[in-house]
Amino acid sequence: MSGHSGLAGEAITLCLVGAGNMGGAMLRGWLEAGTDPALITVLDPSPPPAMSDMLKSYSVRHVTEAAHVGVVDFVLVAVKPQIIAAVLKDLGPLIGSETVLASVAAGTLIAQLEVPFAGKASRIIRVMPNTPALIGQAISVCVANEGVTQQQRKTVIGLLEAIGDVAWVEDEALIDAVTGVSGSGPAYVFYLAEALAAAGEAAGLPAALASQLAVATVAGAGNLLKQSDEDAATLRSNVTSPNGTTQAALEVLMADDGLGPLMKEAVAAATNRSKELAG
């Protein structure tokens with residue numbers, strides 16, 4: 001996991017609503033970063049077995065109803081978009097005048113997240129993380145409404161840095177494009193590894209070796225890109241010798257009907273679907 005601070009050193013109370021893959025990754029990050037378990041309550045009617053074991057081993061309070069929690073400083077909702085409307089209706093007991101509600105549910109607008117506030121001034125942050133959160137290497141993009149203070153933003157940054165990097169946008173409409181690039185993006189990379197392995201097998205490599213080469217290449221190149229001071233275009237150029245093998249391949253990938261236009265089309269499709277889901 002990354003060595004970020006989470007809630008360490010901050011005496012704020014937090015209720016994590018939903019302890020599935022994303023919620024569980026966040027909780028693990030907070031606890032491994034040294035957050036006091038006494039500050040955290042997990043609200044989930046049926047957490048996965050591995051999560052139940054973690055709750056017990058760290059002595060994190062676990063409840064099945066919001067009425068058993070009371071008002072907290074932060075509510076972080078990590079449930080599927082399909083059930084969030086029903087979940088929000090029951091979160092009123094957690095909400096006080098200073099409470100911030102943050103949600104990672106795709107396609108759920110800030111306006112829709114106001115339900116638990118029941119007339120109180122709302123403090124809401126919408127977050128779009130991605131699945132590398134499971135290994136502490138997510139990128140989470142946030143947008144806040146006007147009720148959220150700068151200090152509350154800083155606290156949310158601490159929470160999210162436990163699972164990776166954090167960025168902000170000021171226009172909620174941009175979250176749809178963020179979803180198309182980074183939210184759905186890991187699937188594109190996984191498919192690249194699949195396609196590269198299949199191409200290697202078609203070129204005569206044994207299936208197992210082709211898969212090994214594809215996975216190691218995608219993972220290694222990704223790490224190199226993240227750790228390098230040079231941008232992707234420069235790193236690509238560095239690998240490409242004039243009239244060499246890489247150039248021959250890139251002439252296919254960078255053709256007018258190659259990967260660039262296809263990726264634009266894919267991201268646009270995901271962005272548009274995100275807009276549809278938001279209604």
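This structure is a prediction, so every number in the text was calculated from the model and none was measured. (Residues numbered from 1 in each chain as written. Predicted model: local features only at pLDDT ≥ 70, side-chain atom pairs only at ≥ 80, totals over all residues. Heavy atoms only, no water.)

Asker: I keep staring at the overall build of the chain and nothing clicks. Help me out?
Answerer: Across its full length, the chain carries 10 helices and 8 strands. If one aligns the C-alpha atoms of the chain with their principal axes, the spans along those axes are about 65 × 40 × 35 Å. Looking at the 279 residues of the chain, the share that counts as buried comes to 40%. About 14,600 Å² of surface is accessible on the chain, with carbon and sulfur atoms providing 59% of the total. Positive and negative side-chain charges of the chain, numbering 15 and 27 respectively, have mean locations separated by a distance of 6 Å. (Helix = DSSP H or I, 4+ residues; strand = E, 2+ residues; numbered from the N terminus. Buried < 20%, exposed > 50% of the residue type's maximum accessible area, 1.4 Å probe, protein only. Areas by Shrake-Rupley, 256 points an atom, 1.4 Å probe, with all protein chains shown as cover. Lys, Arg positive; Asp, Glu negative; His and termini not counted. Charge placed at Lys NZ, Arg CZ, Asp CG, Glu CD.)

Asker: Help me understand helix α2 (residues 49–58), please; the structure alone is not making it clear to me.
Answerer: Working note: α-helix, 3.6 residues per turn, so residues spaced by three or four point in the same direction. The complete set of buried residues in α2 reads M51, M54 and L55. Projected down its long axis, α2 carries its buried residues within an arc of 100 degrees, all on one side. Turned more than 90 degrees from where α2 packs its buried face, P49, A50, K56 and S57 sit exposed. The inward-facing, buried residues of α2 contact α1 (21–32), β2 (40–43) and β3 (61–63). Where α2 terminates, the next one or two residues include S59, which has phi positive at roughly 55 degrees. (Arc of directions from axis to C-beta. Contact = heavy atoms within 4.5 Å.)

Asker: It is not clear to me how the packing of helix α5 (residues 174–183) against helix α10 (residues 259–277) should be interpreted in this structure. Could you clarify?
Answerer: Their axes nearest at 8 Å, the elements α5 and α10 cross at an angle of 135 degrees. By the criterion of interaxial angle, the relationship of α5 to α10 is oblique. Of the two elements, α5 crosses α10, and the hand of that crossing is right-handed. Between α5, through D176, A177, T179, G180 and V181, and α10, the contact on the second element is made entirely by V267, A270, T271, S274 and K275. When the residues that make up the contact of α5 with α10 are grouped by side-chain class, the tally is 4 nonpolar, 4 polar and 2 charged. (Axes fitted to C-alpha atoms, helices over the stretch in contact; angles between N-to-C directions. Parallel < 35°, antiparallel > 145°, perpendicular 65-115°, else oblique. Left-handed = near helix turned anticlockwise from the far one by under 90°. Nonpolar A, V, L, I, M, F, W, Y, C, P; charged D, E, K, R; others polar.)

Asker: Explanation requested: the sheet that holds strand β8 (residues 164–168) in the structure shown.
Answerer: One key point about sheets: their strands pair by backbone hydrogen bonds, in either a parallel or an antiparallel sense. Taken in spatial order, the 8 strands of this open sheet run β3-β2-β1-β4-β5-β6-β7-β8, and their pairing is mixed. Single-partner strands in this sheet number two, and they are β3 and β8. Each strand axis lies, on average, 20 degrees off the axis of its neighbour in the sheet, ignoring direction. As defined by bridge partners, β2 adjoins β3 across 3 bridges and the pair is classed as parallel. Looking at β3, one finds that L43 is bridged to V63. (Pairing = 2+ DSSP bridges.)

Asker: Would you explain a nonpolar patch on the surface in this entry?
Answerer: A contiguous nonpolar surface patch, about 470 Å² in accessible area, is contributed by L253, M254, L259, L262 and M263. The greatest single-element share of the nonpolar patch, amounting to 3 residues, is contributed by α10. Here L259 shows up in helix α10. Using a relative accessible area of 42% as the deciding quantity, one classes L259 as partly exposed. (Patch = residues over 30% accessible without salt bridge, like charges linked within 9 Å, V, L, I, M, F, W, Y side chains within 5 Å. Salt bridge = Lys/Arg side-chain N within 4 Å of Asp/Glu carboxyl O.)

Asker: Is there a simple way to think about the pattern of salt bridges in this case?
Answerer: Between side chains of opposite charge, pairing is possible as soon as their charged atoms come close. This structure, assessed with the given rule, holds 5 salt bridges. A salt bridge links R153 to E170, with the nearest nitrogen and oxygen atoms 3.2 Å apart. In this pair, R153 sits in helix α4 (residues 150–161) while E170 sits in the loop between β8 and α5, placing the two residues 17 residues apart along the sequence. We classify R153 as buried; its relative accessible area is 14%. Linking K226 and D165 is a salt bridge whose minimum nitrogen-to-oxygen distance equals 3.5 Å. Here K226 is found in helix α7 (residues 207–227), whereas its partner D165 is found in strand β8, with 61 residues between them in sequence.

Asker: What am I meant to see in the side chain of T108 here?
Answerer: Tracing the backbone through its elements, the reader meets T108 in the loop between β5 (100–103) and β6 (124–128). Take T108: its relative accessible area is 6%, and that puts it in the buried class. If sequence neighbours within four positions are ignored, T108 has contacts with I84, L113 and R126.

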